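# Per-entry structural report
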Amino acid sequence: MDRVTESPSPQPSPALRERGPGSPDATAASPLPLAGEADGRTNLVGLDRAELAAELATLGQPAFRARQLWHWIYHRGVSDFAEMTTLSKEFRARLTEHYVVARPAVARALQSADGTRKWLVRLPDGQEVESVHIPEEDRGTLCVSSQVGCTLTCRFCHTGTQKLVRNLSAAEIVGQVMLARDALGEWPSPPDGRLLSNIVMMGMGEPLYNFDNVAKALKIVMDGEGISISKRRITLSTAGVVPMIRRCGAELGVNLAISLHAVTDELRDQLVPINRKYPIAELMEACRTYPGLSNARRITFEYVMLKDVNDSPAEARALVKLLEGVPAKVNLIPFNPWPGAPFERSTDAAIARFSQIVFDAGYASPVRTPRGEDIMAACGQLKSASIRKRASERLAEAASA
């Protein structure tokens, strides 16, 4: 068995510690407003440039102050106004009186034997999501969540077994990036050689069902005077919310990944139920017309390999036919099981055979090496630890009754 180590959790700001976890009873799918802290101060994380300038205008500050503050918050990662030494002492004191710069709290931090790190992120209302950092030789990728739970019920995905609680706010999405940078010790933002160089919106939730908050957060992340991660290093994954795909390309221009997983509507209806609303033909047409699509900027099609379900040579050939006319690559994902999962992982031989057929047709078809399986951080395994714990407690209570 792989060894799992638990890392000390970074300490949240005093304001977050004072707030406490709160009551996790929210069920609405709409995001919470940007939260002030327990003492009434407003969190500046998640505000875009115009909103930040508007806040400072209420203090009688000129517009250039917003740019200075932006630099301290998003380039240098400073959360204590007292350390923002290019600002006057009087201004810093007024900021401290009215505002905080707060990330979500880290409830638990795990590190896999393969170097993958997973954070259970506690939000101001006590809800929790998971974020995962995957280190590789040429990059470091952060998998970011967009919802507490998930709108969808994909049968092979552990997150899909957790009901949707609510959307994350822009502050809660950006906050995941910032707390990862905190943990990696990567402030100020380095120009290259980053431990966190790429972002994938592939964590808990369907990003296109929370598009406004996701878009706002990613625009902050992409800003060249802050965190400054290029849109070419950001990938948004969707199960196929067809009406939002074009808007995503037009407004964000990030890389697109499609959770496909089947080549017929009959099977995809079962595996990815959103297919009943937006069938494969509509999804593929949205892909063909995705803004900025070219051979240099291909769409990634994610395909989980399920034993004796979708892994036959015939299905590989059907996938090739489906991709005709779309600059594409195919990520083959060996199924990552969890206790009680209804599927098994395809055999290595079946995966290799499937990959070769797709590759021979001219499409890159790498097999994704499972990472972080020992800490339940691999693709499709994310689910709030608090939800798992509550479920196990309920089963224990039932057994003892």
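See above for the structure.
Given the structure is predicted, the values throughout are model-derived calculations rather than measurements. (Residues numbered from 1 in each chain as written. Predicted model: local features only at pLDDT ≥ 70, side-chain atom pairs only at ≥ 80, totals over all residues. Heavy atoms only, no water.)

## Side note on the overall build of the protein chain
Short version of the rule: Runs of H or I in DSSP of at least four residues are treated as helices and runs of E of at least two as strands, each being numbered from the N terminus. Only protein chains enter the accessibility calculation, which uses a 1.4 Å probe; a residue whose area is less than 20% of its type maximum is buried, one above 50% is exposed, and one in between is partly exposed. Accessible surface area values rest on a Shrake-Rupley calculation with a 1.4 Å probe, where residue burial reflects the displayed protein chains alone.
A tally of helices and strands in the protein chain yields twelve helices and 14 strands. Counting every position in the protein chain, which comprises 401 residues, the buried fraction comes to 53%. Entry remark: accessible area of the protein chain is about 17500 Å², with carbon and sulfur atoms responsible for 51%.

## Let's talk about the pattern of salt bridges
We apply this condition: Take a side-chain nitrogen of Lys or Arg and a carboxyl oxygen of Asp or Glu: if they are within 4 Å of each other, that pair is a salt bridge.
If you walk through the whole model with that rule in mind, you get 16 salt bridges. A salt bridge links Glu 172 to Arg 166; its shortest N-O distance comes to 3.0 Å. Under the relative-accessibility criterion, Glu 172 is labelled buried at 7%. On the basis of relative accessible area, Arg 166 is assigned to the buried category, the value being 1%. A salt bridge links Glu 302 to Arg 368, with the shortest nitrogen-to-oxygen separation between them at 3.8 Å. Of the two residues, Glu 302 sits in strand E13 (residues 299–305) while Arg 368 sits in the loop between helix H11 (348–360) and helix H12 (385–400), which places them 66 residues apart along the sequence.

## What about the side chain of Asn 255?
Note the following rule: Polar contacts, as counted here, are pairs of nitrogen or oxygen atoms within 3.5 Å of one another; within protein the pair requires one atom able to donate a hydrogen and one able to accept it, and residues that are adjacent in sequence qualify only if both atoms are side-chain atoms. Residue contacts are defined here by distance: any two heavy atoms, one from each residue, within 4.5 Å place the two residues in contact.
In this structure, Asn 255 sits in strand E12 (residues 255–259). Among the polar contacts listed, one links the side chain of Asn 255 to the side chain of Arg 297, at a separation of 2.9 Å. With sequence-adjacent residues up to four places away left out, Asn 255 is seen in contact with Lys 231, Arg 232, Arg 233, Ile 234, Thr 235, Leu 236 and Arg 297.

## A few points about the packing of aromatic side chains
Heads up, the condition is: In summary, the pairing rule links any two rings of Phe, Tyr or Trp, Trp by its six-membered ring, whose centres are within 6.5 Å, and it sorts them by plane angle into stacked for under 30 degrees, edge-to-face for over 60 and tilted for everything else.
Within this structure, the stated rule accounts for three aromatic pairs. Pairing Tyr 303 with Phe 354 gives two aromatic rings, centres 5.0 Å apart and planes at 35 degrees, and the pair type is tilted. On the criterion of sequence distance, the pair formed by Tyr 303 in strand E13 and Phe 354 in helix H11 is long-range, its members being 51 residues apart. Relative accessible area serves as the criterion here: at 1%, Tyr 303 is assigned to the buried category.

## Quick notes on the environment of Ser 146
Tracing the chain through its elements places Ser 146 in the loop between strand E7 (140–143) and strand E8 (147–148). By relative accessible area, which is 1% here, Ser 146 ends up buried. The spatial distance from the C-alpha of Ser 146 to the C-alpha of Met 201 is 7.3 Å, given a sequence separation of 55 residues. With residues near it in sequence (within four places) discarded, Ser 146 still touches Asn 167, Leu 168, Met 201, Met 204, Gly 205, Glu 206, Pro 207, Asn 210 and Val 214.

## Quick word on the packing of helix H2 (residues 49–57) against helix H3 (residues 64–75)
Geometry of a packed helix pair, given as the angle between the helix axes and the separation of the axes. Heads up, the rule is: Lines fitted to C-alpha atoms define the axes here, with helix axes fitted over just the stretch in contact, and angles between the N-to-C directions of these axes take values from 0 to 180 degrees. Oblique is the label for any angle not under 35 degrees, not over 145, and not in the 65 to 115 range, which are roughly parallel, roughly antiparallel and roughly perpendicular in turn. Crossing handedness is read from the near helix: turned anticlockwise from the far helix by less than a right angle, it gives a left-handed crossing, and turned clockwise, a right-handed one. Residues are sorted three ways: Asp, Glu, Lys and Arg are charged, Ala, Val, Leu, Ile, Met, Phe, Trp, Tyr, Cys and Pro are nonpolar, and all the rest, Gly among them, are polar.
H3 packs onto H2 with a crossing angle of 120 degrees between their chain directions and a minimal axis gap of 9 Å. Here H2 lies oblique to H3, going by the angle between them. With respect to the hand of their crossing, H2 and H3 are arranged in right-handed fashion. Listed contacts from H3 to Arg 49, Leu 52, Ala 53 and Leu 56 of H2 are Arg 65, Ala 66, Arg 67, Leu 69 and Trp 70. Counted by class, the contact of H2 with H3 contains six nonpolar, no polar and three charged residues.

## What about the nonpolar core?
This is how it is decided: To qualify as a nonpolar core, a set must consist of buried Ala, Val, Leu, Ile, Met, Phe, Trp, Tyr and Cys residues joined through side-chain atoms within 4.5 Å.
Residues Leu 69 and Phe 301 are the most contacted members of the largest nonpolar core, which totals 105 residues. When sequence neighbours within four positions are dropped, the list of residues in contact with Phe 301 reads Ile 258, Leu 260, Met 284, Cys 287, Leu 323, Val 326, Ala 328, Lys 329, Val 330 and Asn 331.

Keep in mind these values describe shape, not function.
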